[in-house]
Amino acid sequence: MIKKIEHVALVVNDLAHSIEFYHRCFGFNVRLKGENETREMAFLYLENEPDVEIELIRDKVDLGNYETKSVINHIAFTVERLDEEVEKLKEKGVTFLTDAPKPTLDGGKMILFHGPDEELLQLVERGTS
């Protein structure tokens, strides 16, 4: 089912500052950067480990206190066929936070759900961008 850990997401106060910090201190590069109506996002990678990323998130509107759940926003897992994996997990009793997957910045799709301790988890089918 799961192929790899997709990314770890961190909520930040200043996206540009965080991008600069991770690049300067650790050599991370920006793979993809974008925004929607509620948040700005950037996906960072290392040249020698391009398949594992850090997602930086800056909320543009107050979406509540993340610290009540965890310091890290969510853990994402790459899957090949999201719709099939969603059905498999539904059969195992998983309840998703939305009725249908949502689009990703790269033209793929994703869906969120909670793990056993209310940790936020995500399945991602990557797009082609």
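Scroll up to find the structure this text is about.
I will try to describe carefully the structure that is included in this document. (Residues numbered from 1 in each chain as written. Predicted model: local features only at pLDDT ≥ 70, side-chain atom pairs only at ≥ 80, totals over all residues. Heavy atoms only, no water.)

Before going further, it helps to examine the packing of aromatic side chains. A full pass over the atoms with the stated rule returns 5 aromatic pairs. Relative to F28, the ring of Y22 has its centre 6.0 Å away and its plane inclined at 85°; by these criteria the two rings are edge-to-face. For the pair Y22 and F28, a shared accessibility class is recorded, and that class is buried. Counting every residue linked through ring pairs, the aromatic cluster contains F21, Y22, F26 and F28. Above the plane of the ring of F43 lies R31, whose end atom (NZ or CZ) is 5.3 Å from the centre. (Phe/Tyr/Trp six-rings, centres within 6.5 Å; stacked < 30°, edge-to-face > 60°. Buried < 20%, exposed > 50% of the residue type's maximum accessible area, 1.4 Å probe, protein only. Lys NZ or Arg CZ within 6 Å of the ring centre and 35° of its normal.)

In this section: the pairing of strand 4 (residues 49-59). If a strand is regular, its side chains alternate between the two faces of the sheet. Both strand 1 (residues 4-11) and strand 4 contribute to a ladder of 5 bridges, which runs parallel. Bridged to V8 within strand 4 is I54. Here strand 3 (residues 39-46) runs beside strand 4; their pairing, made up of 8 bridges, is antiparallel. Along strand 4, the bridge assignment pairs F43 with E55. (Pairing = 2+ DSSP bridges. Helix = DSSP H or I, 4+ residues; strand = E, 2+ residues; numbered from the N terminus.)

Moving on to the environment of L82. Summarising the element assignment, L82 is placed in helix 2 (residues 82-91). The exposure class assigned to L82 is buried, which follows from its relative accessible area of 0%. Separated by 41 residues in sequence, L82 and M41 place their C-alpha atoms 22 Å apart. Among residues more than four places away in sequence, those in contact with L82 are P101, K109, M110, I111, L123, V124 and E125. (Contact = heavy atoms within 4.5 Å.)

Attention now goes to helix 1 (residues 15-26). Helix length check: helix 1 (12 residues) gives 16 Å between terminal C-alpha atoms against 16 Å at 1.5 Å per residue, within 8%. Taken together, the buried positions of helix 1 are L15, S18, I19 and Y22. Axial view of helix 1: buried residues confined to an arc of 105°, hence all on one face. Of the exposed residues in helix 1, the ones pointing more than 90 degrees away from its buried face are A16 and R24. On its buried face, helix 1 is in contact with strand 1, strand 2 (29-35), strand 3 and strand 4. Of the residues flanking the start of helix 1, the one acting as N-cap is D14, its side-chain oxygen 3.2 Å from the backbone nitrogen of A16. Residue G27 follows helix 1 closely and has a positive phi angle near 85°. (Expected span 1.5 Å × (residues − 1). Arc of directions from axis to C-beta. Polar contact = N/O pair within 3.5 Å; in protein donor to acceptor, adjacent residues only side chain to side chain.)

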